[in-house]
Amino acid sequence: MSPTPRLRSDLPFERIAVVLPGGGALGAYQAGVLRVLSRLGLRPTVVAGTSTGAINAVVWRAHDFDSRVLERAWSEILPASIGIRWATLLARTAGIVIAVFAMVQALLTVIGSPAIGVKGPVWVTQATTWLFASAWLDVLAWLLVAALGVLTVLGSRLAEEWLARLQRPGNRMLGHTALGWVLVVGAAVHLAVWILELPWPHRFSAVVLLLGSVTWLINRPGRTGTLSRQMLARILPETGGRGLWGAAARRHLLRQLVREGDAQRLSAPGTTLMISALALDSGRIAYFVAGDPPTAEFKRKVERALGEVVHVHNAKQVIEAAVASSAIPLAFEPVVIRRREFVDAGQFSNQPVVAAMAVGVDAVLVVLMAPRTGPRPAARGGTMIELGARLLEIASWRELQIELGELPAEWASERHHGATRLCVVEPEAPIGNGLLAIEPRLSIEMMRLGERDAIDSLARCGWLDPHT
């Protein structure tokens, strides 16, 4: 059995920063690395985190750099634990469809049904045969629409190509005007056959006219069309038009994990806790700093790099910053802090190595969740969310190469008393099944990999006692 590794007693670094980038479900790998740091007794001066790394950093700090609660959480966490609930998304979609359908049917019952409409029961007794024929015409029309819907689903991309070919520069208004005239004529025909008591698919005709009018309205130029499109965006099946899911689940999970430790540690002096998020109003990377207050020199360096410093003073503010940092755009709604909206900054600055160095440290340990050699090979296909996760992974890799390339030479390669100032822990090959593939079995395996890679990397960087 190999001896337990130990930090060098003469490790030449006094102020060490631990940087934990974002990576969604791959954050379990970081928990394995933090397990090693906990056992080694490494107490960093700075802990910087982004997205899932911010959540790991907050929990680790709240438990005084003990990783056991964090490891337990990753071994139990499910997609619903952080708010990824497809059932609620489906429920919202179904609720909206049912509500709209019910309102349309109520309206059509009044204005489009000859059986219950303005003429009332007397008309029914005089035209039973005509009503029967009209009802069957409605059924036939809806069956044709259903068949068209199936064909549209199967050939949606082909239909998209046809529409693109039909579209010509400058003819958008012409098509909008033509649709308006078609609706006027259709409404006149519908009204005429209704008054003349002719066989006609009345309900189908009224629905088509209603949907056509909505289409015409939301494509109308000007303020009316803009307001209509905004209203449509607000009732889409997601959280107010800003993301598929909200922040409540992540906030609750983080509060619960912090409560098991000591929340006061998050803002206690002695360690700087740094959480990065993207400010939507300014486009700058906001660094929420707790613990030791940020210096004026640190603020100047951050501002020169198009960033800003936000000093947070208590556990509640720290937790809210971590929730904002993990708000993956489009997947999760933005988080409001001090009347400003923030989201995950991972696609712009996923591993804040330079920001951590600006605090005034003499060594950095950064935990990557993908090899520096490049992002994982990706097969064609996949869902929209999987594509978004792929783009975040690529952006993170590209930003890392730029950031590492800007490091001073003595940080990138030279050793200081036998140890490198920059120690990178990274997997040998891509791990997990993607940023949103949260599964306890995979998380446990990733923690094992993180533990193994941490020991190997620390030894290679000269941070461990060679006799252990």
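Residues numbered from 1 in each chain as written. Predicted model: local features only at pLDDT ≥ 70, side-chain atom pairs only at ≥ 80, totals over all residues. Heavy atoms only, no water.

If you tally the helices and strands in the protein, you get 17 helices and 13 strands. Restricting to contacts in the protein with at least 6 residues of sequence separation, those with at least 24 account for 75%. Summed over its atoms, the accessible surface of the protein is roughly 24500 Å², and 64% of this surface lies on carbon and sulfur atoms. (Helix = DSSP H or I, 4+ residues; strand = E, 2+ residues; numbered from the N terminus. Contact = heavy atoms within 4.5 Å. Areas by Shrake-Rupley, 256 points an atom, 1.4 Å probe, with all protein chains shown as cover.)

Right, let's talk about the packing of aromatic side chains for a bit. Applying the stated criterion to the full structure yields three aromatic pairs. Between Phe13 and Trp463, the aromatic rings sit 5.6 Å apart at their centres with planes inclined by 50°, giving tilted as the arrangement. Of this pair, Phe13 sits in the segment before β1 (16–20) while Trp463 sits in the segment after α17 (440–460), and the two are 450 residues apart along the sequence. Here Trp60 and Phe65 contribute two aromatic rings whose centre-to-centre distance is 4.9 Å and whose plane-to-plane angle is 70°, an arrangement assigned as edge-to-face. For the pair Trp60 and Phe65, a shared accessibility class is recorded, and that class is buried. One Lys or Arg, Arg250, reaches over the ring of Phe332 and ends 4.4 Å from the middle of that ring. (Phe/Tyr/Trp six-rings, centres within 6.5 Å; stacked < 30°, edge-to-face > 60°. Buried < 20%, exposed > 50% of the residue type's maximum accessible area, 1.4 Å probe, protein only. Lys NZ or Arg CZ within 6 Å of the ring centre and 35° of its normal.)

Once that is clear, we can look at the environment of Leu140. Mapped onto the fold, Leu140 is located in helix α6 (residues 128–154). Note: C-alpha distance between Leu140 and Phe204 (64 residues apart in sequence) is 9.5 Å.

Here the focus is unusual backbone geometry. Even without being glycine, Ser51 reaches a positive phi, approximately 60°. Its location among the elements puts Ser51 in the loop between β2 (46–50) and α2 (52–62). In this structure Ser51 comes out as buried when scored by relative accessible area, which is 4%.

Judged by nonpolar contacts, the single largest core of 79 residues is most densely connected at Val58, Leu266, Phe288, Leu458 and Trp463. Sort the elements by how many residues they give to this core and helix α1 (residues 27–40) lands first, with eight residues. Setting aside its immediate chain neighbours within four residues, Phe288 contacts Leu273, Met274, Ile275, Ala277, Val310, Val312, Ala321, Ile337 and Phe342. Core analysis: the second largest hydrophobic core is formed by 29 residues, Ala17, Ala345, Val353 and Val364 among them. (Core = buried A, V, L, I, M, F, W, Y, C linked by side-chain atoms within 4.5 Å.)

In this section: the pairing of strand β6 (residues 307–311). In terms of residue burial, β6 counts as a mostly covered element, since four of its five residues are buried. Here strand β5 (residues 285–291) runs beside β6; their pairing, made up of five bridges, is parallel. Bridging from a neighbouring strand, Tyr287 pairs with Val309 of β6. (Pairing = 2+ DSSP bridges.)

Two elements in contact, α1 and helix α3 (residues 68–76), have axes separated by 9 Å at closest approach and are oriented at 150°. Taken as axis vectors, α1 and α3 run roughly antiparallel relative to one another. As for how α1 packs across α3, the hand of that crossing is left-handed. Here Gly27, Ala28, Ala31, Leu34 and Arg35 of α1 come into contact with α3, specifically with Leu70, Glu71 and Trp74. (Axes fitted to C-alpha atoms, helices over the stretch in contact; angles between N-to-C directions. Parallel < 35°, antiparallel > 145°, perpendicular 65-115°, else oblique. Left-handed = near helix turned anticlockwise from the far one by under 90°.)

Taken together, the side chains of Leu191, Ile195, Leu196 and Leu198 present a nonpolar region at the surface, about 370 Å² in accessible area. Within the element layout of this structure, Ile195 appears in helix α8 (residues 172–196). (Patch = residues over 30% accessible without salt bridge, like charges linked within 9 Å, V, L, I, M, F, W, Y side chains within 5 Å. Salt bridge = Lys/Arg side-chain N within 4 Å of Asp/Glu carboxyl O.)

Relative to the 20 Å expected for 14 residues at 1.5 Å per residue, α1 spans 20 Å between its end C-alpha atoms, a close match to the ideal helical length. In terms of burial, α1 is largely enclosed, as twelve of its 14 residues are buried. Of all the residues in α1, the buried ones are Gly27, Ala28, Tyr29, Gln30, Ala31, Gly32, Val33, Leu34, Arg35, Val36, Leu37 and Leu40. Summarising the contacts, the buried residues of α1 are in contact with β1, α2, α3, β10 (363–367), β13 (422–425) and α17. (Expected span 1.5 Å × (residues − 1).)

It is worth spelling out the side chain of Ser276 at this point. Mapped onto the elements of the fold, Ser276 is located in strand β4 (residues 272–279). Classification of Ser276 by relative accessible area gives buried; the value is 1%. One polar contact links Ser276 to Thr50, side chain to side chain, over a distance of 2.6 Å. (Polar contact = N/O pair within 3.5 Å; in protein donor to acceptor, adjacent residues only side chain to side chain.)

Here we come to the confidence of the model for the protein. Here the protein shows a mean pLDDT of 80. Residues at 70 or above account for 72%. Taken element by element, the predicted model of the protein shows its lowest mean pLDDT in helix α5 (residues 120–126) (46) and its highest in α2 (97). Every residue in residues 115–126 is under pLDDT 50, and counting partners more than four places away or in other chains gives 18 contacts. (pLDDT = per-residue confidence, 0-100.)

It is worth spelling out the pattern of salt bridges at this point. The full count for this structure, using the stated rule, is 16 salt bridges. Residue Arg35 is joined to Glu451 by a salt bridge in which the shortest nitrogen-to-oxygen separation is 2.7 Å. A residue pair is termed long-range when its members are at least 10 positions apart, and Arg35 in helix α1 and Glu451 in helix α17 qualify at 416 residues. Residues Arg35 and Glu451 agree in their burial class; the two are buried. The salt bridge partner of Arg39 is Glu451, with a shortest N-O separation of 2.8 Å. With a gap of 412 residues between them, Arg39 in helix α1 and Glu451 in helix α17 connect regions that are remote in the sequence.

This brings us to the packing of α3 against α17. Between α3 and α17, the shortest axis-to-axis distance is 7 Å and the interhelical angle comes to 140°. Of the possible angle classes, the one that applies to α3 and α17 is oblique. Here α3 contributes Glu71, Trp74, Ser75 and Glu76 to the contact with α17, which in turn contributes Pro440, Ser443, Ile444 and Met447. Tallied by class, residues from the contact of α3 with α17 come to four nonpolar, two polar and two charged. (Nonpolar A, V, L, I, M, F, W, Y, C, P; charged D, E, K, R; others polar.)

Locating Gly270 in the fold gives a position in the loop between α11 (248–259) and β4. Overall, Gly270 belongs to the partly exposed group, its relative accessible area being 47%. In this structure Gly270 touches Thr45 and Asp292, once residues within four positions along its chain are discounted.

Considering the arrangement of structural elements, one finds Ser67 in the loop between α2 and α3. Separated by 2.5 Å, the side chains of Ser67 and Glu71 make a polar contact. Beyond its immediate sequence surroundings of up to four residues, Ser67 is in contact with Leu34, Arg35, Ser38 and Trp60.

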